[in-house]
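Residue strings, one per chain:
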Amino acid sequence: MIELTVNGRKHNVDVEPEMPLLWVLRDVLDVKGPKYGCGIAQCGACTVHLNGEPVRSCSVPVSAAAGQKVLTIEGLAQRGQLHPVQKAWIDNEVPQCGYCQSGQIMAAVALLARNPNPSDKDIDAAMTNICRCGTYARIRTAIHAAAKSAKPARAKA
Amino acid sequence: MPFSHRPSRRDFLRVSTALGAGLALELKFPSALAAEARGPEITAWIVIRPNDEVIIRVARSEMGQGSSTGLPMLVAEELECDWRKVKTEFVSSAENLRRNRVWGSMATGGSQSIRSSQEYLRKAGAAAREMLIAAAAQRWKVEASDCDAENSTIIHRPSGRKVRFGQVAQAASKLEPPAEVKLKDPKDWNLLGRSARRLDMKDKVTGKPLFGVDVQLPGMLHAAIAQCPVFRGKLKTVADEQLLGLRGLVKVVKLEDAVAVVADSWWRAQKMLKLLPIEWDFGENGSATTASIREFVRFGLEDSSAPVARDDGNVEAAFSTAYKVVEAEYFAPFLNHAPLEPMNCTALVKGDRVEVWAPTQNAEATHAAAAAAAGVPLENVEVHLTYLGGGFGRRGFQDYTRQAVAIARAVEGRPVKLLWSREEDMQHDFYRPMTLMRFKGALDREGRLTALRVRDASHSIMASVRPQEIKDGVDRHALGGLIDLPYSIPSLRIEFAMRNSHVPVGFMRTVFHSQNPFMRECFIDELAAAAGKDPVEFRRPMLAASPKNLAVLEAAAKASGWSSPLPEGVHRGVAVQDSHGSYAAAVFEVAVSAGGEIDIRRVVVAVDPGHVVNPDSAEAQIQSCVAYGLTSALWGEITLKDGRVEQKNFDDYRIMRIAEMPRRIEAVLVPSGGFWGGMGETPLAPLAPALCNAVFAATGKRIRALPLKSQGFSVASIA
């Protein structure tokens, strides 16, 4: 039995330890946000957070998530409020087919957690997820917008 | 297409219907149930709930191109509803069949969705508006002509009385639709031509289970598949006893040319598939290579018996008296569609009934394929259309549907989700065809093009999809961009040599307007250079009789500042190509290092689609085409060895990432009005040649074969 916490909920799964986290999420726990695009960590459609770090879940055995915290796109919104990245994605009309976007958003959230004000070069280096529909220009804009919106308001001296 | 086919009596109906090639069925169904289950139906396209929610039905597939927003916009414009109250639902192929195809075609491709349905959708919206007004007028006992509809409200002008759509929807749904409606003049549009928010945005940023791969049903099984690696090969033997006792195994299913493992999860099914000893009969094509196929196709360039598709003037006479003759040969390889969601389909067979869930580009084709695969009548089939994780033409084919149904038959009574691995998807596509072309052009002393001869040697898509389109060996579909080229040339001769190898080919975004414009517009550029003329100047006079092509070329030239000076080392290239009902031109600005690294500084794409439904969506499609087109032009190449495709995944079939996406992409929309053109593909057509022409301007090296990688060029990227 492997115990893992997904989006704040504890689960016990009876699966092979080498079963990729992606397939435990999708086929065992019915968490469909992270997607299968390649299975070899090339495309990033499967990106989730493992203890706050972005990982390509198709290439992470579930044993590595045992006793750990997993966050997927479904867990981003808090108390009905969308995450600033999700809001920025909507405001900038980023998705087209949408298949890669769960992974893109999780990668962007991780980037902004590490680097609250990323440059275009920082974005290039961090956002290696594939988008076949080519939403890249708007992903850049949305990340900058999310970075701006998350700046804490400063009281006037 | 009837928009107002709606029963006036809510009882059992007998409907006779036909689908496809002359199949006629008689069905009974309780129409009352279908309609009232959801709310009052005001024409088949619209349901308006008491709370003013407007449900607009969509018959085409959503694969990212935005049709599930654009099509409802067409209805909403005439309906005069509040756009914020609009929701959509996909129609069911079975109900479309039962209701005499009241929603028309569900085929999604060829950039057709808007342009084939705009008239009947707008008419439906107008009819529904008239019915709502009539219901309000009846309630108030006033003249309908004294009432207007606006923003989901009906107003009686003389008295100022108002009523919401939701309050009169029930009454309106009982009225007869008007026999005729008048549509708005485009200048009176409030919604069309504005950037309405896409309706699927929220679901797509919250990870909702929208796609074919996300289907989840009680008792569902999973199937992984291995198809014969060599096309047209067959399954010989499979030692399925090797899997006995393995965890999760349900069944091994043998198909004519494939093996599927059915299990309780996809990962287990795929793992077991890898362990399975399979013997294939590769058939005749087990030793084919890229080189052998290229040689086979290239024979078409020399074949003296190749039929003539067009012959204006006298090319040979023109060549013999030409001041200058220019000749060149061009090549374009096979390409893979590579949608991010791999092929998949879920099917349930129960007795003589079949239910299918599919991310398909044509729910009716899926419906027919499922019926045929199960050997059941059409009325015993239901298809649930999901969202598509990209289509690009691949999902118009139904190979995965037939497989899923065959597998479902083997585990009857339980739904099975068949999912192809990325490797299967890469190696079992209907590829963008390999094409070779030979050009010969004659220039006169003034540098004018007096004759052009084109010999096109190519795979044909129609040969396998609609062979009746090929007349006397000429496939006009494969000659798109050539047979109908916009240039006025005194002598023009186009010859077509159909060369079909064992590699399956199909429609891939822009279809033959992916490779043909590359070859045509690069050769036109070669002629311009030989004539000593600027590429835009060279084209201009030849486009005098093609005003829309000329206008879009001018728009791209103007927007890019074509004649203005550029920084040291930066050069421009241009191309113009109409396709799919619209017109497009592109200008690239590039700098190329000594080592062949291309820095794309700027891309300008001008598009005239007649009317623009949603400018934001149109811009998104232009950006999409740039990413898609550059992936193909820079690295796209499917190669074969031992009869099979060599590429396996994204590590050996490279896809553009954000780091390589040009920073400056300018979408220039120049709608000239008066017609409805496509938007999902047209911007793609001029991109490869414009880029290659820019590379030539920068380096003096003429690109006559794609991908650019094969010609020694790369782009800067994150290592």
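Residues numbered from 1 in each chain as written. Chains lettered and ligands numbered in written order. Predicted model: local features only at pLDDT ≥ 70, side-chain atom pairs only at ≥ 80, totals over all residues. Heavy atoms only, no water.

Considering the pattern of salt bridges
Residue and element names in this part refer to chain B.
- In total, this model carries 67 salt bridges over all chains according to the counting rule given.
- Residues Glu-119 and Lys-123 are paired through a salt bridge, measuring 2.9 Å at the closest nitrogen-oxygen approach. Here Glu-119 pairs with Lys-123, and both are found in helix α4 (residues 113–140), just 4 residues apart, close to one helical turn.
- Look at Lys-123 and you get partly exposed, because its relative accessible area is 25%. (Salt bridge = Lys/Arg side-chain N within 4 Å of Asp/Glu carboxyl O. Helix = DSSP H or I, 4+ residues; strand = E, 2+ residues; numbered from the N terminus. Buried < 20%, exposed > 50% of the residue type's maximum accessible area, 1.4 Å probe, protein only.)

Remarks on the interface of chain B and chain A
- With 64 residues of chain B in contact, the opposing surface of chain A contributes 53 residues.
- Interface area, chain B with chain A, both sides summed: about 5,000 Å², of which 57% is carbon and sulfur.
- On the chain B side of the interface with chain A, the three residues burying the most area are Trp-267, Leu-340 and Ile-658 of chain B, jointly 17% of the side's total.
- Where chain B meets chain A, there are 11 salt bridges.
- In this structure, the salt-bridge partner of Glu-16 of chain A is Arg-268 of chain B, at a minimum N-O distance of 2.7 Å.
- The interface formed by chain B and chain A holds 30 residue pairs in polar contact (both at pLDDT 80 or more) in total.
- Elements supplying a minimum of two residues to the side of chain B that touches chain A: α6 (201–205), α7 (266–275), β19 (416–419), α12 (422–427) and α17 (615–635) of chain B.
- Ranked by residues supplied to the side of chain B that touches chain A, first place goes to α17 of chain B with 9 residues.
- Along the lines of polarity and charge, the residues of the side of chain B that touches chain A split into 29 nonpolar, 16 polar and 19 charged. (Contact = heavy atoms within 4.5 Å. Buried area = accessible area lost by both parts, 1.4 Å probe. Polar contact = N/O pair within 3.5 Å; in protein donor to acceptor, adjacent residues only side chain to side chain. Nonpolar A, V, L, I, M, F, W, Y, C, P; charged D, E, K, R; others polar.)

Digging into the packing of aromatic side chains
- For the structure on display, the rule yields 16 aromatic pairs over all chains.
- Pairing Trp-23 of chain A with Tyr-36 of chain A gives two aromatic rings, centres 5.3 Å apart and planes at 50°, and the pair type is tilted. Linking Trp-23 of chain A in helix α1 (residues 21–28) with Tyr-36 of chain A in the loop between α1 and β3 (47–50), this pair joins segments that are 13 residues apart in sequence. Accessibility classification places Trp-23 of chain A together with Tyr-36 of chain A in one group, the buried group.
- Measuring from ring centre to ring centre gives 5.9 Å for Tyr-583 of chain B and Phe-675 of chain B, while their planes differ by 90°; the resulting arrangement is edge-to-face. Linking Tyr-583 of chain B in strand β24 (residues 582–592) with Phe-675 of chain B in the loop between β28 (665–669) and α18 (687–699), this pair joins segments that are 92 residues apart in sequence.
- Given the relative accessible area of 17%, Phe-675 of chain B is considered buried.
- The ring of Phe-392 of chain B carries the charged tip of Arg-132 of chain A above its face, separated from the ring centre by 5.9 Å.
- Sitting over the ring of Phe-282 of chain B, Arg-644 of chain B keeps its end group 4.7 Å from the ring centre. (Phe/Tyr/Trp six-rings, centres within 6.5 Å; stacked < 30°, edge-to-face > 60°. Lys NZ or Arg CZ within 6 Å of the ring centre and 35° of its normal.)

Side note on the packing of helix α10 (residues 363–374) of chain B against helix α11 (residues 399–410) of chain B
Residue and element names in this part refer to chain B.
- Interaxial distance between α10 and α11 falls to 9 Å at its minimum, and their mutual angle equals 40°. Here α10 lies oblique to α11, going by the angle between them. For the pair α10 and α11, the crossing hand works out as right-handed. Within the contact between the two elements, α10 uses Thr-366, Ala-369, Ala-370, Ala-373 and Ala-374 and α11 uses Thr-401, Arg-402, Val-405 and Arg-409. (Axes fitted to C-alpha atoms, helices over the stretch in contact; angles between N-to-C directions. Parallel < 35°, antiparallel > 145°, perpendicular 65-115°, else oblique. Left-handed = near helix turned anticlockwise from the far one by under 90°.)

Section: helix α16 (residues 547–560) of chain B
Residues and elements named next belong to chain B.
- With 14 residues, α16 extends 20 Å between its outermost C-alpha atoms, agreeing within 8% with the 20 Å of an ideal straight helix rising 1.5 Å per residue.
- Every buried residue belonging to α16 is among Asn-549, Leu-550, Val-552, Leu-553, Ala-555, Ala-556, Ala-557 and Ser-560, and all of these are buried.
- Summarising the contacts, the buried residues of α16 are in contact with α15 (535–539), β23 (571–579), β24 and β25 (597–608). (Expected span 1.5 Å × (residues − 1).)

Concerning the layout of surface pockets
Residues and elements named next belong to chain B.
- What the second largest pocket holds in volume is close to 470 Å³.
- Lining the second largest pocket are 18 residues, with Thr-88, Glu-89, Phe-90, Asp-203 and Tyr-387 sitting closest to its centre.
- Contributions of two or more residues to the lining of the second largest pocket are made by β5 (86–90) and β18 (381–385).
- Among the elements that make up the lining of the second largest pocket, the one with the highest residue count is β5 (5 residues).
- Its residues placed into classes, the lining of the second largest pocket shows 9 nonpolar, 4 polar and 5 charged. (1 Å grid on protein atoms, 1.4 Å probe; cavity = no way out; pocket = protein on both sides within 12 Å on 5 of 7 lines; lining within 4 Å. Points joined across faces, edges and corners; volume = space filled by probe spheres on them.)

Brief notes about unusual backbone geometry
Residues and elements named next belong to chain B.
- In this model, Leu-706 is joined to Pro-707 through a cis peptide bond whose omega is 0°.
- By the secondary structure assignment, Pro-707 is in the loop between α18 and β29 (714–715).
- The phi angle at Arg-101 is positive, at roughly 55°, despite the residue not being glycine.
- Examined against the element boundaries, Arg-101 turns out to sit in the loop between α3 (93–98) and α4.
- Phi at Asn-151 takes a positive value of approximately 55°, unusual for a residue other than glycine.
- Within the fold, Asn-151 resides in the loop between β6 (147–150) and β7 (153–156).

Things to note about the state of the cysteines
- If you walk through the whole model with that rule in mind, you get 0 disulfides over all chains.
- We note that Cys-38 of chain A lacks a disulfide partner, and the nearest cysteine sulfur, in Cys-43 of chain A, lies 3.9 Å from it.
- The exposure class of Cys-38 of chain A is buried, given its relative accessible area of 2%.
- Between Cys-345 of chain B, a cysteine without a disulfide, and Cys-97 of chain A, which holds the nearest cysteine sulfur, the sulfur-to-sulfur distance is 18 Å.
- Of the residues examined, Cys-345 of chain B reaches a relative accessible area of 0% and is grouped as buried. (Disulfide = S-S within 2.5 Å.)

Considerations on empty space enclosed by the protein
- Applying the stated criterion across every chain, the model contains 6 cavities of 30 Å³ or more.
- Taken as a whole, the largest cavity encloses approximately 160 Å³ of empty space.
- Lining the largest cavity are 15 residues, with Leu-335, Arg-432, Ser-514, Gly-629 and Ser-632 of chain B positioned closest to its centre.
- Here the lining of the largest cavity gets 4 residues from one element, more than from any other, and that element is α17 of chain B.
- Taken as a whole, the second largest cavity spans an internal volume of roughly 60 Å³.
- Around the second largest cavity, the lining residues are Trp-23, Arg-26, Asp-27, Tyr-36 and Tyr-99 of chain A together with Val-213, His-222, Trp-266, Lys-417 and Leu-419 of chain B.
- Put simply, the parts of the chain that give the lining of the second largest cavity at least two residues each are α1 of chain A together with β19 of chain B.

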